[in-house]
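# Tertiary structure, described
Single-letter residue listing:
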Amino acid sequence: MKLRTSSVHTGVYKDKTFNSVTTPIYPTSTFYFDAPGKNKGYDYTRSGNPTRTALEENIAALEGGAGCSVTCTGMAAITALLFLLKPGDHVVTGDDIYGGTYRVFAYVFSNIGIKFSFINMRDLKAVEKAIRPGTKMVWIETPSNPLLNIVDMDGVIKIAKKKDILTVVDNTFLSPYFQKPFEFGADIVVHSTTKYINGHSDVVGGAIIYSDKKIEERMRYLINALGVSESPFDCWLVLRGLKTLAQRMEAHQANALAIAKFLEGHKHVKKVYYPGLKSHPQQDLIKKQMKGFGGMMAFELDTKKVPLDQFFPKLKYFCLAESLGGVESLIEHPWSMSHASMGEAAIKASGMTKETIRVSVGIEDSEDLIADLVNALKG
Ligand SMILES: *Cc1c(COP(=O)(O)O)cnc(C)c1O
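Residues numbered from 1 in each chain as written. Predicted model: local features only at pLDDT ≥ 70, side-chain atom pairs only at ≥ 80, totals over all residues. Heavy atoms only, no water.

### Points about the packing of aromatic side chains
So the rule is basically this: Only the six-membered ring of Trp is used, alongside the rings of Phe and Tyr, when aromatic pairs are assigned; centres must lie within 6.5 Å, and planes under 30 degrees apart are stacked while those over 60 apart are edge-to-face, with the rest tilted. Note on exposure labels: buried denotes an accessible area under 20% of the residue type's maximum, exposed denotes more than 50%, and partly exposed covers the range between, all computed with a 1.4 Å probe on protein chains only.
Applying the stated criterion to the full structure yields 11 aromatic pairs. Between the aromatic rings of phenylalanine 116 and phenylalanine 118, the centroid separation amounts to 6.0 Å while the plane-to-plane angle is 15°, which identifies the pairing as stacked. Note on phenylalanine 116: relative accessible area 15%, which makes it buried. Linked through ring pairs, Tyr102, Phe105, Tyr107, Phe116, Phe118 and Trp139 together constitute an aromatic cluster.

Structure follows, in structure tokens:
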């Protein structure tokens, strides 16, 4: 089954009671037994729920994984994955990963003895050098947030595989529509479903997709033990959002490309970061591992010409907000907003400046979006 068909159909037709075409929501904490030891596969919603199963089957199929677990937030998924490790274990990851991931690694899991190297993962030699005997996990995020740097999945995963190190790819930015980490040998794919997977900015959630049943079994145990599974209502919303994933991603990308080209030609914009532009320095890698460029971009605003406090208030359609991947366009200032929790030194090291602006391009009409930017960039 192809992705567009799968996103509409997989996991969905489960209701035999009234033949509902869409998946019913089962808002129950517990399920009755027909007799001790005899139930219909569910006993307690923290451990399992039919609406959640529908979503998990759907997402597993989209990524091409052996199974999936969905969690109450993306950070819950990431947190649960880190419990595969124990004190003393070492993780290699990028120095420009999502701010919340950086925070839980550097300031929460570091405190219980897990060690992290935050490096430039575009440099395969640096990856090789960072790996040491205690390295148990390599954590890849590509494209990176907010500067859209591309990590060579094939290259990094090969290095990790040689040493039997578990590889995780955060695929939030492109979604399985534009990128399939399992094709490059990843062991685990993780998502903040809050973003493109749900796509409507009305729910928070996460997903962990497994390449094999053994990892799935261990993770399902952890997710149930930690209590981070997703509520049936939220699962239903994500399942509803997913059905238009392909159509939304195409629309996000078409608008993003138009806006990136517009910004690149604007005299008050110093630089644009978008994988769909020829100016992106990693063309070969983009061709090799991405089926599209997505809807995220960043740019450097010439704040001497257009101060931030004049730019943002003029925008009508771009909402000043964190998060991304929804149908409405969002814009934000990573330095003081999404990435502030990293601390100034780490933000600087990742290449961001006080002039970096991140845009999550929505699916509105691109002419309206560009007119909005024209007005705000007048200075
Ligand atoms: C938002 C995000 C997360 C965290 O997900 P939440 O749903 O906000 O908890 C993790 N990784 C990336 C790349 C994200 O954009």
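### Let's talk about helix H10 (residues 245-264)
This is how it is decided: Helix and strand assignments follow DSSP, with helices taken as H or I runs no shorter than four residues and strands as E runs no shorter than two, numbered in order from the N terminus. Expected span of a helix: the number of residues minus one, times 1.5 Å.
In a regular helix each residue adds 1.5 Å, so 20 residues correspond to 28 Å; H10 covers 28 Å between its end C-alpha atoms and thus fits that length. Of the residues making up H10, those classed as buried are Leu245, Ala246, Arg248, Met249, His252, Gln253, Asn255, Ala256, Ile259, Ala260, Phe262 and Leu263.

### Focus: a nonpolar patch on the surface
Put simply, the rule is: What goes into a patch is any residue over 30% in relative accessible area without a salt bridge, connected to like charges within 9 Å or, for nonpolar side chains (Val, Leu, Ile, Met, Phe, Trp, Tyr), within 5 Å. Computed with the Shrake-Rupley method and a 1.4 Å probe, the accessible areas treat only the protein chains shown as cover for residues. Definition used for salt bridges: Asp or Glu carboxyl oxygen within 4 Å of a side-chain nitrogen of Lys or Arg.
A cluster of nonpolar side chains, contributed by Phe83, Ile112 and Leu226, occupies part of the molecular surface with about 240 Å² of accessible area. Relative to the assigned elements, phenylalanine 83 resides in the loop between helix H3 (74-82) and strand E2 (90-94). The class for phenylalanine 83 is partly exposed, based on a relative accessible area of 33%.

### Quick look at the sheet that holds strand E9 (residues 296-301)
Rule in force here: A pair of strands is labelled paired if DSSP reports no fewer than 2 bridges between them. Between two residues, a contact is recorded if the distance between any of their heavy atoms is within 4.5 Å. Axes here refer to lines fitted to C-alpha atoms; in helices the fit is confined to the stretch in contact. Angles between the N-to-C directions go from 0 to 180 degrees.
Read from one edge of the open sheet, 5 strands run E8-E9-E12-E11-E10, paired in mixed fashion. Pairing within the sheet leaves two strands with one partner each, and these edge strands are strand E8 (269-273) and strand E10 (319-320). Strand direction decides the pairing type here: strand E11 (residues 330-332) and strand E12 (residues 356-360), joined by 3 bridges, are antiparallel. Within E12, the position partnered with isoleucine 331 by the bridge is valine 359. Along the sheet face, H10 touches E8 and E9 and points at about 15° away from the line of E9.

### As for the site of the ligand
Stated precisely, the cut-off is as follows: Here, proximity means that at least one heavy atom of the residue falls within 4 Å of the molecule or strand. Pairs of N or O atoms are called polar contacts if they sit within 3.5 Å, as long as, within protein, a hydrogen donor faces a hydrogen acceptor (for residues adjacent in sequence, only side-chain-to-side-chain pairs). In this analysis the probe radius is 1.4 Å and the grid spacing 1 Å, with only protein atoms considered; a cavity is a set of points the probe fits into but cannot get out of, a pocket is an open set with protein on both sides within 12 Å along at least five of seven lines, and lining residues have an atom within 4 Å of a point. In this scheme, a molecule is assigned to a cavity or pocket if more than half of its atoms are within 2 Å of the grid points.
Neighbouring the ligand are 13 residues, the closest being Met75, Asp170, Ser192, Thr194 and Lys195. In the model, a nitrogen atom of the ligand is placed 2.7 Å from a nitrogen or oxygen of the aspartate 170 side chain. In this structure, an oxygen atom belonging to the ligand sits 2.8 Å away from a side-chain N or O atom of serine 192. Here the ligand loses 92% of its free accessible area of 370 Å² to cover by the protein chains. Of the pockets mapped on this structure, the ligand occupies the largest pocket.

### Section: the domain arrangement of the chain
Under the convention used in this document: Where each domain starts and ends follows an automatic or database-derived domain assignment. Throughout, the accessible surface (probe 1.4 Å) given up by two parts as they are put together, summed over both, is called the buried area.
Once the domains are mapped, the chain shows domain 1 (3-242) and domain 2 (245-376). When each unit is reduced to the centre of its C-alpha atoms, the spacing between domain 1 and domain 2 is 26 Å. With 43 residues of domain 1 in contact, the opposing surface of domain 2 contributes 44 residues. Here domain 1 meets domain 2 over a buried area of about 3600 Å², counting both sides, of which 61% is carbon and sulfur. The largest contributions to the domain 1 side of the interface with domain 2 come from Leu147, Phe178 and Tyr196, which together make up 23% of the buried area.

### Focus: H3
Most of H3 is tucked away, with 7 of its 9 residues classed as buried. Buried within H3 are the following residues: Gly74, Ala76, Ala77, Ile78, Ala80, Leu81 and Leu82. A side-chain oxygen of the first residue of H3 lies 3.3 Å from the backbone nitrogen of methionine 75; this N-cap is threonine 73.

### Regarding empty space enclosed by the protein
Applicable threshold: Grid points are joined across faces, edges and corners, and a volume is the space filled by probe spheres set on the points. Each residue gets one of three labels, nonpolar for Ala, Val, Leu, Ile, Met, Phe, Trp, Tyr, Cys and Pro, charged for Asp, Glu, Lys and Arg, and polar for the others, Gly among them.
Applying the stated criterion to the full structure yields 1 cavity of 30 Å³ or more. The space that makes up the largest cavity amounts to roughly 40 Å³. In terms of lining residues, the largest cavity is bounded by Gly94, Asp95, Asp96, Ile119, Asn120, Met121, Arg122, Ser144, Asn149 and Val151. Here the residues of the lining of the largest cavity sort into 3 nonpolar, 4 polar and 3 charged.

### What to know about the nonpolar core
We apply this condition: Each nonpolar core is a collection of buried residues, namely Ala, Val, Leu, Ile, Met, Phe, Trp, Tyr and Cys, held together in the definition by side-chain atoms within 4.5 Å.
In this structure, Ile59, Leu82, Met121, Trp139, Ile140, Ile208 and Met219 are the most contacted members of the largest nonpolar core, which totals 87 residues. With 6 residues, the single largest contributor to this core is H3. Here methionine 219 is in contact with Ala80, Leu81, Leu84, Ile208 and Tyr210, once residues within four sequence places are set aside. Of all hydrophobic cores here, the second largest spans 25 residues; its members include Met297, Leu301, Leu315 and Leu373.

### Concerning unusual backbone geometry
With an omega of -5°, the peptide bond running from threonine 142 to proline 143 counts as cis. Cis rather than trans, the peptide bond between asparagine 145 and proline 146 has omega equal to 5°. Here the phi dihedral of leucine 148 falls at roughly 60°; this positive angle occurs in a residue that is not glycine. The residue leucine 148 is located in the loop between strand E4 (135-141) and helix H6 (153-162) in this model. Unlike most non-glycine residues, serine 323 shows phi in positive territory, near 75°.

### A word on the pattern of salt bridges
One pass over the full model with this rule turns up 15 salt bridges. For arginine 358, the salt bridge goes to glutamate 332, with nearest N and O atoms at 3.1 Å. Here glutamate 332 lies in strand E11 and arginine 358 lies in strand E12, a separation of 26 residues in the sequence. You can call arginine 358 buried: its relative accessible area is 3%. Through salt bridges that share partners, Glu56, Lys213, Glu216 and Arg220 make up one connected network.

### Some points on the sheet that holds strand E5 (residues 166-170)
What the 7 strands build is an open sheet, ordered E1-E7-E6-E5-E4-E2-E3; its pairing is mixed. Edge positions in the sheet fall to strand E1 (67-71) and strand E3 (115-119), since each of these pairs with one other strand and no more. In this sheet, adjacent strand axes meet at a mean angle of 20° when their direction is disregarded. Pairing of E2 with E4 involves 4 bridges; the strand directions are parallel. Across the sheet, the residue bridging to valine 91 is methionine 137, located in E4. The strands that helix H4 (residues 99-109) touches are E2, E3 and E4; relative to E3, the one it contacts most, it runs at about 140°.

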